[in-house]
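Structure assessment
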Amino acid sequence: MKKLFSVLAVLFVLGTVDVFALGIGPQAGYTVNGTPSGAITFKVDSLPCVFAVNADIGKVTSIGLTADWWLANPVITGPWHYFYGVGLAGSMVVGENNGAVFVGGRALVGTNVYLLDNFIELYLQLAWQPGIVIHDGVHPVYDQIPVNFGLRFWF
């Protein structure tokens with residue numbers, strides 16, 4: 001029974017390999033206030049969303065997640081494209097006498113290029129991230145503007 005299950009599992013995995021492609025890679029960037037950030041991004045080609053899990057480590061540590069829905073990714077010329085979309089962002093900040101939560105929306109625009117027969121995707125994006133910070137009350141935030149660049153490897 002174990003052998004049959006193993007064979008069926010392998011056949012299932014092999015049969016779904018061409019159903020979707022996965023893009024994953026590192027991302028770096030800054031916000032308008034000069035805070036650097038690093039992230040891991042991933043995208044499944046069958047979904048319009050691009051996800052990023054980020055961490056900003058310093059005096060204060062922030063861990064966050066973004067989910068961006070690309071509304072379009074038209075071709076400029078050849079492998080060069082541009083994209084725009086909307087999304088959601090959230091993060092938690094912890095540190096010396098600090099603790100805060102941020103939740104907000106995103107409006108983004110960027111450009112990307114696919115290289116090596118679509119194996120590598122390089123991109124640059126700008127997002128406006130209005131939202132609220134919950135820390136000693138609820139405070140609106142309008143000046144969150146991250147600029148990110150990165151690459152994804154497509155498998």
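Here is what the cut-offs are and how they apply
Residues numbered from 1 in each chain as written. Predicted model: local features only at pLDDT ≥ 70, side-chain atom pairs only at ≥ 80, totals over all residues. Heavy atoms only, no water. Patch = residues over 30% accessible without salt bridge, like charges linked within 9 Å, V, L, I, M, F, W, Y side chains within 5 Å. Areas by Shrake-Rupley, 256 points an atom, 1.4 Å probe, with all protein chains shown as cover. Salt bridge = Lys/Arg side-chain N within 4 Å of Asp/Glu carboxyl O. Helix = DSSP H or I, 4+ residues; strand = E, 2+ residues; numbered from the N terminus. pLDDT = per-residue confidence, 0-100. Contact = heavy atoms within 4.5 Å.

**Describing a nonpolar patch on the surface**
On the surface, a cluster of nonpolar side chains totalling about 1,100 Å² of accessible area is made up of Trp69, Leu71, Ile76, Trp80, Tyr82, Tyr84, Val86, Val109, Leu124, Leu126, Val147 and Phe149. With four residues, strand 6 (residues 80-95) is the single largest residue contributor to the nonpolar patch. Checked against the element boundaries, Leu124 lands in strand 8 (residues 120-128).

**Quick look at the confidence of the model for the protein chain**
Low-pLDDT portions of the prediction should not be read for the details of their coordinates. On average, residues of the protein chain carry a pLDDT of 86, and 86% of them reach 70 or more. Every residue in residues 6-17 scores below 50 in pLDDT, and together they form zero contacts with partners more than four places removed in sequence or on other chains.

**A word on the environment of Ile145**
Secondary-structure assignment places Ile145 in the loop between strand 10 (138-141) and strand 11 (147-154). Sequence spacing of Ile145 and Tyr30 is 115 residues, and the spatial spacing of their C-alpha atoms is 8.4 Å. Not counting residues up to four positions away in its chain, the partners in contact with Ile145 are Tyr30, Thr31, Val32, Leu126, Ala127 and Trp128.

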